Amino acid sequence: MPTDKTLAERLLHEIINSGFDDWTVRVAALVIATLLAPIFAKLIYRLYNQFRKIMSASTRLRRAEGAVAKDGGGIWLAPTIPMAPPANYTQLKRSIPILTVANLKGGVGKTTISANLVAHYAIKKEERVLAIDFDYQGSLSSMLLSEAEQDTLYQEQSDSRTCRASYLIDRGTDIWLQSVASQVQGAGLERAKVIPSFYSLAGTENRMMIEWLLNKRSNDIRYSLSSILLSDAIQSRYDRIIIDAPPRLTTACIQALTASTSVVIPTVLDSLSAQAVGTFADQLRIHQQLWPNLRICGVLGNMTAKNLGADPEGAVEKMNAVEADAFVNCRDVLSQSLQTAVGPLRDAALFPASTFIPDKIELGRAAGERIAYASPTNSQPIQQIRDVFDRLGDEIDNRHNA
Ligand SMILES: Nc1ncnc2c1ncn2[C@@H]1O[C@H](COP(=O)(O)OP(=O)(O)OP(=O)(O)O)[C@@H](O)[C@H]1O
Ligand SMILES: [Mg+2]
């Protein structure tokens, strides 16, 4: 039985002896090799590229899976290379006040308080205020803008399928921001501008979050807003920035918190809402490496049954039993959640009860989605609202400057 080798040898021998000269075979082999070589090279190159793509996709998937795993760090702590805030992030310590009004609990008055603070600072303190609406529901936008302006913006977003808040978090620049902020409507509000938001913000946020998880962005999207707001152009154009956050840690909310000097946490004074303050404080601590300079300016009671008055001690006494309990609970959950926090986050406290916002129909939606503080009337409830926001505004300033 001949082995394969001897068979191959015999075949070769027969080919050579079947009328072809040695050199003819060699030339033929050379021609075939010359023709096949580039095809093989291309094939190998393609295989190599496919292999690289598969490896890179599997790394991206591992990153995404690791981030959302039960024991993972969470979406916004997914490791990134390089993990570095923008060069101008150190400016945050010298920044104009950038205040985010946030709480992961919905319906506690974030938007109402943001809008009235914008009015307080623009009217009473004559500051140039930039308001940013980061909730895709666009409630702040509808409170601050005239109906005509809202219609124009709605048309613009329908045509371009993006809103200004979307553009700001995704591709905005300081030059762009200077030219697109819309005028806030209302007497005395000439110095206030707003970056409005609509439903398209949700789509942009989701896309950016997935791109982030899959490591498909060349920049660290958690700091895009801070690099714009800390630019000289914006810092010299405004005296204060107020951001209305949604009740979720969305892409825009993360950008707001990394860009902020401080956060105001409104809460309703009941036991469930007090627990929610602890939950939010936990998240602020867990993500603290993202915002090492952020301070909690204060936890603010909203919709108290009575107007609690200007005297801080007396205000505590005027609370009803449920509110008084929640007040103590808020203090406890805050210190518990922030026990292991470092830096400014540790010093969080409640605002004095004299700055808590009473439940007033004039502040609610029944008022026609307008800003009570800027109301043309001087009724007693409106005056009380102005007084309490003036106290709150002063307290925020004291805490910022402390
Ligand atoms: N002090 C107040 N007195 C009366 N009504 C209030 C007061 N604060 C807020 N409201 C009303 O409570 C509702 C919720 O307020 P708001 O929209 O400001 O909350 P939010 O925290 O921004 O909600 P979301 O989480 O949905 O963004 C609104 O109808 C608002 O008008
Ligand atoms: Mg809101």
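Structure shown above.
Description of the structure in this document.

Parameters at a glance
- Residues numbered from 1 in each chain as written.
- Chains lettered and ligands numbered in written order.
- Predicted model: local features only at pLDDT ≥ 70, side-chain atom pairs only at ≥ 80, totals over all residues.
- Heavy atoms only, no water.
- Helix = DSSP H or I, 4+ residues; strand = E, 2+ residues; numbered from the N terminus.
- Expected span 1.5 Å × (residues − 1).
- Buried < 20%, exposed > 50% of the residue type's maximum accessible area, 1.4 Å probe, protein only.
- Contact = heavy atoms within 4.5 Å.
- Near = heavy atom within 4 Å.
- Polar contact = N/O pair within 3.5 Å; in protein donor to acceptor, adjacent residues only side chain to side chain.
- Nonpolar A, V, L, I, M, F, W, Y, C, P; charged D, E, K, R; others polar.
- Pairing = 2+ DSSP bridges.
- Axes fitted to C-alpha atoms, helices over the stretch in contact; angles between N-to-C directions.
- Core = buried A, V, L, I, M, F, W, Y, C linked by side-chain atoms within 4.5 Å.
- Salt bridge = Lys/Arg side-chain N within 4 Å of Asp/Glu carboxyl O.

## Some thoughts on helix H12 (residues 271-286)
In an α-helix, one turn spans 3.6 residues; hence positions three or four apart end up facing the same way.
For step 1, the next point in the chain: Helix length check: H12, at 16 residues, gives a terminal C-alpha distance of 23 Å against a target of 22 Å (1.5 Å per residue), a fit within 8%.
For step 2, the next point in the chain: Taken together, the buried positions of H12 are occupied by Ser273, Ala274, Ala276, Val277, Gly278, Phe280, Ala281 and Leu284.
For step 3, the next point in the chain: Buried residues belonging to H12 abut helix H11 (251-259), strand S6 (262-268), strand S7 (295-304) and helix H14 (321-337).

## Details of the site of ligand 1
For step 1, the next point in the chain: The immediate surroundings of ligand 1 are formed by 19 residues, with Lys110, Thr111, Thr112, Asn302 and Pro358 found nearest.
For step 2, the next point in the chain: Taking Gly109, its main chain carries an N or O atom lying 3.0 Å from an oxygen atom of ligand 1.
For step 3, the next point in the chain: Interatomic distance of 2.9 Å between a side-chain N/O atom of Asn302 and a nitrogen atom of ligand 1.
For step 4, the next point in the chain: Every element with two or more residues in the shell around ligand 1 is listed here: helix H3 (110-124), S7 and strand S8 (357-358).
For step 5, the next point in the chain: In terms of residue count, H3 provides more of the shell around ligand 1 than any other element does, 3 residues in total.
For step 6, the next point in the chain: Tallied by class, the residues present in the shell around ligand 1 amount to 6 nonpolar, 8 polar and 5 charged.

## A word on the sheet that holds S6
For step 1, the next point in the chain: Ordered in space as S3-S4-S2-S5-S1-S6-S7-S8, the 8 strands form an open sheet in which the pairing is mixed. If you trace the sheet from one side to the other, it starts and ends with strand S3 (182-183) and S8, each paired once.
For step 2, the next point in the chain: Bridge analysis of strand S1 (residues 98-101) against strand S5 (residues 240-244) gives 4 bridges, and the strand direction is parallel. Opposite Thr100, over in S5, you have Ile243 as the bridge partner.
For step 3, the next point in the chain: Sitting on the sheet, H14 touches S6 and S7, and the angle it makes with S7 is about 165 degrees.

## A few points about the nonpolar core
For step 1, the next point in the chain: Within the largest apolar cluster, 108 residues are counted, with the highest numbers of intra-cluster contacts made by Phe134, Leu229, Leu284 and Phe389.
For step 2, the next point in the chain: Per element, the largest residue contribution to this core is 7 residues, and it comes from H3.
For step 3, the next point in the chain: Each residue touching Phe389, except ones within four places of it in the same chain, is listed here: Ile113, Asn116, Leu117, His120, Ile357, Leu363 and Tyr373.

## Some thoughts on the environment of Ala256
For step 1, the next point in the chain: Note that Ala256 resides in helix H11.
For step 2, the next point in the chain: Note: C-alpha distance between Ala256 and Ile169 (87 residues apart in sequence) is 9.3 Å.
For step 3, the next point in the chain: Excluding residues that lie within four positions of it along the chain, Ala256 makes contacts with Thr100, Phe134, Leu225 and Ile243.

## Observations concerning the pattern of salt bridges
For step 1, the next point in the chain: All chains considered together, the criterion is met by 15 salt bridges.
For step 2, the next point in the chain: The shortest N-O distance in the salt bridge between Arg217 and Glu211 comes to 2.8 Å.
For step 3, the next point in the chain: In this structure, the salt-bridge partner of Arg399 is Glu395, at a minimum N-O distance of 2.8 Å. Of the two residues, Arg399 and Glu395 are both situated in helix H15 (residues 380-401); the distance of 4 residues between them amounts to about one turn of the helix.
For step 4, the next point in the chain: According to the relative accessible area criterion, Glu395 is buried, its value standing at 19%.
For step 5, the next point in the chain: The structure contains a network of salt bridges with shared partners spanning Lys125, Glu127, Arg240, Asp394 and Asp397.

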